[in-house]
Every structure is written in structure tokens, then in C-alpha cells.
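# Tertiary structure, described
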Amino acid sequence: MTPVVLAVDIGATKIAVGLVHADGAIAFQSRERSPVRAAPSLALIERLGRAAEAHARRNGLAIEGTGIACGGPLDLEKGLVLSPPNLPDWDRIPLTEQMETSFGAKAYLQNDAAAGAIATALWDNPDAVRDVTYITVSSGIGCGVITDGFLYTGHTGNGSELGHIPLIYDGRTCNCGLTGCFEAYVSGTSIGKRYTEAKAKGMATPRPYSARNVADAALAGDEEALAFWQSSMGMLARAVRAAADLFDPALLVIGGGVTEADGELFAPAMALVGSSMAASVGQRLTVRKTGFGRNSGVASAAAVAWNEIGSATGVKVRIRE
Ligand SMILES: [Zn+2]
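Only a predicted model underlies this, so the values are computations on that prediction, with no experimental measurement involved.

What counts and what doesn't
- Numbering of residues starts from 1 in every chain and runs along the sequence as written.
- Local features in this predicted model are restricted to residues whose pLDDT is 70 or higher, and side-chain atom pairs enter the listing and the counts only when it is 80 or higher, whereas totals over whole chains, interfaces and linings include all residues.
- Side-chain calculation: all heavy atoms of the structure are included, whereas hydrogens and water are not.
- Where each domain begins and ends follows an automated or database-derived domain assignment.
- It only takes one pair of heavy atoms within 4.5 Å for two residues to be counted as in contact.
- Note on definitions: buried area is the accessible-area loss of two parts on being combined, 1.4 Å probe, summed for both.
- Whenever a carboxyl oxygen of Asp or Glu lies within 4 Å of a side-chain nitrogen of Lys or Arg, that contact is scored as a salt bridge.
- The definition of a polar contact used here is a pair of N or O atoms within 3.5 Å, where within protein one atom must be able to donate a hydrogen and the other to accept one, and adjacent residues in sequence count solely through side-chain atom pairs.
- Side-chain classes follow a simple rule in which Ala, Val, Leu, Ile, Met, Phe, Trp, Tyr, Cys and Pro form the nonpolar group, Asp, Glu, Lys and Arg form the charged group, and the remainder, Gly included, forms the polar group.
- Strand pairing requires that DSSP identify at least two bridges connecting the strands.
- By definition, any uninterrupted DSSP run of H or I lasting at least four residues is a helix, any uninterrupted run of E lasting at least two residues is a strand, and each is numbered from the N terminus.
- Fitted lines through C-alpha atoms serve as axes, helices being fitted only where they are in contact, and the angles separating the N-to-C directions of these axes extend from 0 to 180 degrees.
- Think of a nonpolar core as a cluster: buried Ala, Val, Leu, Ile, Met, Phe, Trp, Tyr and Cys residues, connected wherever their side-chain atoms sit within 4.5 Å.
- Under the scheme applied here, a residue whose accessible area is under 20% of the maximum for its type counts as buried, over 50% as exposed, and between as partly exposed, the area being computed with a 1.4 Å probe on protein chains only.
- Listed donor atoms are N, O and S within 2.8 Å of the metal (Na, K and Ca: 3.2 Å). As water is not included, a site may look incomplete.
- Square planar and octahedral assignments, for four and six donors respectively, both demand that opposite donors be over 155 degrees apart and that all other angles lie between 65 and 115; tetrahedral needs four donors with all angles between 85 and 135 degrees, and anything else is irregular.
- To estimate the expected span of a helix, count its residues, drop one, and scale the result by 1.5 Å.
- Pairing of aromatic rings covers Phe, Tyr and Trp, the last counted by its six-membered ring, and requires centre-to-centre distances within 6.5 Å; plane angles under 30 degrees mean stacked, over 60 mean edge-to-face, and any other angle means tilted.
- Reported orientations rely on four angle classes, namely roughly parallel under 35 degrees, roughly antiparallel over 145, roughly perpendicular from 65 to 115, and oblique for the rest.
- If you view the pair so one helix is near and one far, a crossing is left-handed when the near helix is turned anticlockwise from the far one by less than a right angle, and right-handed when it is turned clockwise.

Right, let's get into the domain arrangement of the protein. Split by domain assignment, the protein resolves into domain 1 (2-111) and domain 2 (125-289). The centre of domain 1, based on its C-alpha atoms, is set 25 Å off from the matching centre of domain 2. Facing eight residues of domain 1, the contacting portion of domain 2 comprises nine residues. Surface buried jointly by domain 1 and domain 2 totals about 680 Å² across both partners, of which 40% is contributed by carbon and sulfur atoms. On the surface where domain 1 and domain 2 come into contact, there are zero salt bridges. At the surface where domain 1 touches domain 2, the tally comes to zero residue pairs in polar contact (both at pLDDT 80 or more). The residue makeup of the side of domain 1 that touches domain 2, split by class, is five nonpolar, three polar and no charged.

In C-alpha cells form, the structure reads like this:
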């Protein structure tokens, strides 16, 4: 039997469940649109998990543990999903306990961005550096930080909330209830929302745009969309720079749905990030997109479990008990 872990990635728009080997290779994956509300989401996780379990049985794979990645805030000690702003009606869900009851193996829960940082440190880190920052830009903005091999958690385990650092004084209202947060401007959801508002001016029946629509229009030569996309990437560059200035990583990796935009559109954003760094930080820092591409969610969730069990690379991120 080949050991794998069951990986559960809970996003605001998609839920992905997979089986992942100790070297980060994906053995099996399925993902579906998230029903958003807690009860049907948990039912979907159960169904996708059973499909993964059946695949494991047919292919001689032994599930050694379950890794779960979910947007915060979480109670890591008790394995609870508290009440993430992007998952309305989720409230104190005992997710690790439910997964252990359903699938038997020990379950480990982690904030999705922290999970991304762990996956990067374990499997997307050819120089084996010990200072890694991972920023995920999808429905929200998350940030996971590993400093000298230790995961930065903060006092309550919900530290490094880059998305809710204020970008603009008295700015747009964020899902978290505060105003002016980075997330209210440059998450995938916010890019779509702001473009919809900009285009709707003076229109009786405005059409809604997603971040992907903006990226597609920009690629197709729509100058208004391109200018809007570029200004959004300029704001994202500020968020990335804030993280680099705060945490001084050796490797800063960006993942999430927004980074799946065509390379042609994302490359200028990366250049902008580089040029906006303070020289002292920028010269010693590698900034790039995640090597996991569209698999980053499942790889991140899996890394949470493999980090505890012992991954193939031997790298272990230390996590405060
Ligand atoms: Zn906020």
C-alpha cells in the first residue's frame, strides 16, 4: 500500500478534495462549486471524500491522515472553523472531529494561506529556504508566513491577515466590517465588483463582471479593462510589498485564482511587485507564482497533514503547540 493523505480545500467558491503523495504529487482530485452554506458544504465534502476513499481502495493507496485548509478565523486548538467572512452561516464547525469520524484517519486543520506557505516550504522550495511568505489572492486575500522554519501564528493563531491591512483611509467596506482593506480592492471578488460598478455608471441594467471577465477583456485588447487590471495589480503589488517589508522572506510566492490569469497579464504585475520593493529587501528576495498552479488548494491542504506525518523532502515546518 502506498501512503497518501486525504486533502480537503474549502474555498468560498470551490471545494476540492484529493489524495496526495508524500512528495506533493496529486494522485486524485475532484472539485465542485461550493454550496457556500455550511450544511450542504459538509455534505459535499463527505461525498467527494467517499469518492477519494473509493479511488484509494481501488489503487492500493492507504490514507494516513487528512489535511484541511480553510479560510480563517479558525480555532486551531479545537479544530473549529469559527465564522469566516467569506463563508456566511459557518459558525464553530468542528471540522477535524467530523472528518475523523467520517474517514478514520487523524485530521489536521490549518488556515488556507498558512497551508499554502507550508506546501511551498515542503515541495516548492528548491533552495530549502527557511523564510517563506505565501500570499493567496482569490475570493479573499490570505497570507501565510514561515520565519526561520516556524509558522507565524500570532497569539490566537490568526496572525498575518494581510487582506485586512488598510490600503485606503475611509475606503470601501470590506466583508470583515472594516473599511479600506486590501481585500476590498484586489481580491478576485473585489476586482470584479469594482469593475462592475465602474462600468455600471449611467446604465439602466448593468452586467456583472468577474475578475476573470476583466482579465479576458484586457487580453482581448479592451483598453479600459487593461487599465483597470493594471491599476488593480498595482494595488496588489502594494500588498505584496507590505508583506515583504514586514516579514523579510527569502521566498515570496503568490497563488490563488487571480494568479491563474494568463501569464501575459500577470507578468507585468510581478515586475511591478519587484520594482516597488525597497532595494534592501528586493535584492535578496525571490518573488514568483506558485508552482502548484490550479492544484495549489489541494496541495496546500495535503501539506498540513504531511507536515505532521513527515513528507518525502524531510522539510518540517514547526508549529506552535
Ligand atoms: Zn477587511
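Pairing is mixed across the open sheet formed by five strands, whose spatial order is 3-2-1-4-8. Each edge of the open sheet carries a strand with a single partner, namely strand 3 (26-33) and strand 8 (107-111). The average angle at which neighbouring strand axes cross in this sheet is 20°, direction not considered. Bridge count between strand 1 (residues 2-10) and strand 4 (residues 61-70): eight bridges; the pairing is parallel. Bridging across to strand 4, P3 finds its partner in A62. Contacting strand 1, strand 4 and strand 8, helix 2 (residues 95-103) runs over the sheet at an angle of about 145° to strand 8. Packing against the sheet, helix 10 (residues 296-309) makes contact with strand 1, strand 2 (14-20), strand 3, strand 4 and strand 8, and its axis sits at approximately 130° to strand 1.

Here is a general trend for soluble globular proteins: nonpolar side chains tend to be buried in one another's company. In this structure, I135, W229 and M233 are the most contacted members of the largest nonpolar core, which totals 41 residues. In terms of residues, this core owes the most to one element, helix 7 (residues 223-247), which gives eleven residues. Ignoring anything within four residues of it in the chain, the contact list for I135 reads I141, G142, C143, L162, V240, A243, L252, V253, I254 and G255. Ranked by size, the runner-up nonpolar core spans 31 residues in total, among them V20, A117, V132 and V298.

Ligation of the zinc ion by protein atoms is provided by H164 (ND1), C174 (SG), C176 (SG) and C181 (SG), these donors lying 2.0 to 2.4 Å from the ion. Geometry at the zinc ion is tetrahedral, judged from the four donor atoms that bind it and their angles of 105 to 122° at the metal. Donor residues for the zinc ion, ordered by position in the chain, follow H-x9-C-x1-C-x4-C. Placement of the pair is H164 in the loop between strand 11 (150-151) and helix 4 (183-186) and C181 in the loop between strand 11 and helix 4, with a sequence separation of 17 residues.

In terms of burial, strand 12 (residues 251-255) is a largely internal element, five of the five residues being buried. Residues L251, V253 and G255 line one face of strand 12 and the alternating positions L252 and I254 line the opposite face, and both faces are buried. Relative to strand 12, strand 9 (residues 132-137) is paired through five bridges, and the arrangement is parallel. When the bridges of strand 12 are listed, I135 appears paired with I254. As paired elements, strand 12 and strand 13 (residues 286-289) share four bridges and run parallel to each other.

Between its first and last C-alpha atoms helix 1 (residues 38-58) spans 30 Å; for 21 residues at 1.5 Å apiece the expected length is 30 Å, and the two agree. Listed in full, the buried residues belonging to helix 1 are A38, S41, L42, L44, I45, L48, G49, A52, E53, A54, H55 and A56. Looking one or two residues past helix 1, G60 carries a phi angle of roughly 65°, positive in sign.

In this structure the tally under the stated criterion is three aromatic pairs. Between the aromatic rings of Y152 and F247, the centroid separation amounts to 6.0 Å while the plane-to-plane angle is 45°, which identifies the pairing as tilted. Of this pair, Y152 sits in the loop between strand 11 and helix 4 while F247 sits in helix 7, and the two are 95 residues apart along the sequence. Consider the rings of Y195 and Y209, whose centres lie 4.9 Å apart with planes at 85°: the pair is edge-to-face.

As a further point, take the packing of helix 5 (residues 188-200) against helix 7. Helices that pack against each other are described as a pair by the angle of their axes relative to one another and the distance between those axes. Where helix 5 meets helix 7, the axes come as close as 11 Å, and the angle between the chain directions of the two elements is 140°. Between helix 5 and helix 7, the interaxial angle falls into the category oblique. For the crossing formed where helix 5 meets helix 7, the hand is right-handed. On the side of helix 5, the interface is formed by I191, R194, Y195 and K199, while helix 7 contributes E224, A225, F228, S232, M233 and M235.

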